[in-house]
Amino acid sequence: MPRAGRGPLPLRPLLILSAAVALTLAGPDADSDGADSVGVLAEDKFLYFAYGSNLLARRLLILNPTAKRFGVGQLRDYRLDFSTPPSKRWGGAPATVVPDPGEDVWGAIWSLDMKDRDNLDEQEGVGTGWYRVFNATVLTPAGGSVRCRCYMMGVVPAKVSEAERPAERQPSLVYKQVVLAGAAESGLPADYIARLRAVRDNGSPGVDPPVTLESLQQQQLQEAQSTVAAPVAPAAR
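One numbering rule holds for all chains: residues counted from 1, following each sequence as written. The predicted origin of the model limits local features to residues at a pLDDT of at least 70 and limits the giving and counting of side-chain atom pairs to 80 or more, whereas totals for whole chains, interfaces and linings rest on all residues. Only hydrogens and water are removed before side-chain values are computed, so all heavy atoms of the structure are retained for them.

As annotated in an unreviewed UniProt entry, the protein chain carries the name gamma-glutamylcyclotransferase and is attributed to Megalurothrips usitatus.

(A) Region of interest: the overall build of the protein chain. Comment: elements are numbered from the N terminus, with helices defined as DSSP H or I runs of at least four residues and strands as E runs of at least two. Summing up its helical and strand segments, the protein chain has five helices and six strands in all. Across the protein chain, helices and strands are ordered from the amino to the carboxyl terminus as β-β-α-β-β-α-β-β-α-α-α. A buried classification covers 51% of the 237 residues belonging to the protein chain. Contacts were defined at the residue level, with two residues in contact if any of their heavy atoms lie within 4.5 Å. When contacts within the protein chain are restricted to residue pairs at least 6 apart in sequence, long-range pairs at least 24 apart make up 80% of them. Where accessible areas are quoted, they stem from the Shrake-Rupley method and a 1.4 Å probe; at the residue level, only the protein chains shown are allowed to cover. If you sum the accessible surface of the protein chain, you get close to 10500 Å²; carbon and sulfur atoms cover 58% of it. Exposure is judged per residue with a 1.4 Å probe applied to protein chains only, and the accessible area is read against the type maximum: over 50% gives exposed, under 20% gives buried, and values in between give partly exposed.

(B) Structural context of the pattern of salt bridges. The rule for a salt bridge is simple: a side-chain nitrogen of Lys or Arg has to be within 4 Å of a carboxyl oxygen of Asp or Glu. Taken as a whole, this structure holds twelve salt bridges when the rule is applied. Notably, a salt bridge pairs R149 with D121, separated by 3.0 Å at the nearest N-O pair. Of this pair, R149 sits in strand 6 (residues 145-153) while D121 sits in helix 2 (residues 117-123), and the two are 28 residues apart along the sequence. Judged by relative accessible area, which is 1%, R149 ranks as buried. If you follow the salt bridges from partner to partner, you end up with R79, D81, D100, E103, K159, E162, R165 and R169 in one network.

(C) Highlighting the packing of aromatic side chains. Under the pairing criterion, centres of Phe, Tyr and Trp rings, with the six-membered ring standing for Trp, must be within 6.5 Å; the plane angle then separates stacked pairs below 30 degrees from edge-to-face pairs above 60, leaving the rest tilted. Here the structure, examined in full by the defined rule, presents three aromatic pairs. Geometrically, the ring pair formed by Y78 and F134 is stacked, given 5.5 Å between the ring centres and 20° between the ring planes. Separated by 56 residues along the polypeptide, Y78 in strand 3 (residues 68-82) and F134 in strand 5 (residues 131-139) bring together distant segments of the chain. Y78 sits in the buried class, given a relative accessible area of 15%.

(D) Seen up close, the nonpolar core. Only buried Ala, Val, Leu, Ile, Met, Phe, Trp, Tyr and Cys residues count toward a nonpolar core, and they belong to the same one when joined by side-chain atoms within 4.5 Å. Y48, F49, Y51, V105 and W110 are the most contacted members of the largest nonpolar core, which has 51 residues in total. Elements with a contribution of two residues or more to this core: strand 2 (45-50), helix 1 (57-60), strand 3, strand 4 (95-113), strand 5, strand 6, helix 3 (173-186) and helix 4 (190-197). Ranked by the residues each element gives to this core, the list is headed by strand 4, at eight residues.

(E) Fine view of the environment of P171. Structurally, P171 is set in the loop between strand 6 and helix 3. Judged by its relative accessible area of 1%, P171 falls in the buried class. Among all residues touching P171, those that are not within four sequence positions of it are F82, G92, A93, V199, R200, D201 and N202.

(F) Structural view of the environment of P189. Positionally, P189 belongs in the loop between helix 3 and helix 4. According to the relative accessible area criterion, P189 is buried, its value standing at 7%. When the C-alpha positions of P189 and W106 are compared, they lie 8.0 Å apart, and in sequence the two are 83 residues distant.

(G) Region of the structure containing the pairing of strand 2. Most of strand 2 is tucked away, with five of its six residues classed as buried. Two elements, strand 2 and strand 4, share six bridges in a ladder whose sense is antiparallel. Bridge pairing in strand 4 links F49 to I109. At least two bridges found by DSSP between two strands is the condition for calling them paired.

(H) Focus on helix 3. Expected helix span is taken as 1.5 Å per residue step, with the number of steps being one fewer than the number of residues. In a regular helix each residue adds 1.5 Å, so 14 residues correspond to 20 Å; helix 3 covers 20 Å between its end C-alpha atoms and thus fits that length. When we look at burial in helix 3, the residues that qualify are V174, Y175, K176, V178, V179, L180, G182, A183 and S186. Considering only its buried residues, helix 3 is in contact with strand 3, strand 4 and helix 4.

Here it is, written out as C-alpha cells:
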C-alpha cells in the first residue's frame, strides 16, 4: 500500500492526548519474549494498538469488556498486509503488520484492564502461534509516542501490489467492511481510509451463514465457556 506523508501528524481536538499520558513508555521494542510487560501503562492497565477488525468497538468488546478508547496513532516503518492461513470465520486472509521502512499503519489505541490481556491473546491466537506479541512504538497526534501491545502474524507475507495480491491473501468482503467501519469510527485519516478501501477483497460474505458481529459474539462466548481444549483459528483483528 502506498505510504502516507511522513510529516507532522495532524492534530485533532477530540483525539489530542494529555501530556500526562502521551509519554513514551520505557523499554526497547520486543517480540513475544517478555510479553507480560508489553504495552503496560500502569500496574493494572495496558495499551493495545489495533489495526484490523478490533478498530471497531463492538468487535473488540466481545471478549474484552474493559477496553476504552485512548486515541489514534501511526505505526511507522510497518505496512498493513494480509496473510495466510485464512480465517475460517471471516472467510479470507486476516490482517497483519510487517516491518517495512518508509511505510506506515494507522490504528486505534485502546486502554484495557490487565485482566483482559489473556482474553486478547486468546482472541489473537498467541497460544497456537497464529499471531505473536510485539512492542509497538506508536506516534500520537499530540506529537508524542506510546508503547502498545500489538500483534503480527507468524507467517510473514512477501510485499506485493494490490494488483498482484493473490486470492489466498485477500481479505473477505465482510472483514474489509468491518475494518472500514472501525477505521471511520476510530477517526483515522481520510487518506488512510481510502487506502483501506483500495485493498482487494475476495467478495466473500464469510462463512455460511454469513458472519455477523452478533454471530461472532455468540460463537466466541460459547468457545470461552467450553471445556474443550482443542485450539480454534482466531477471528483475527
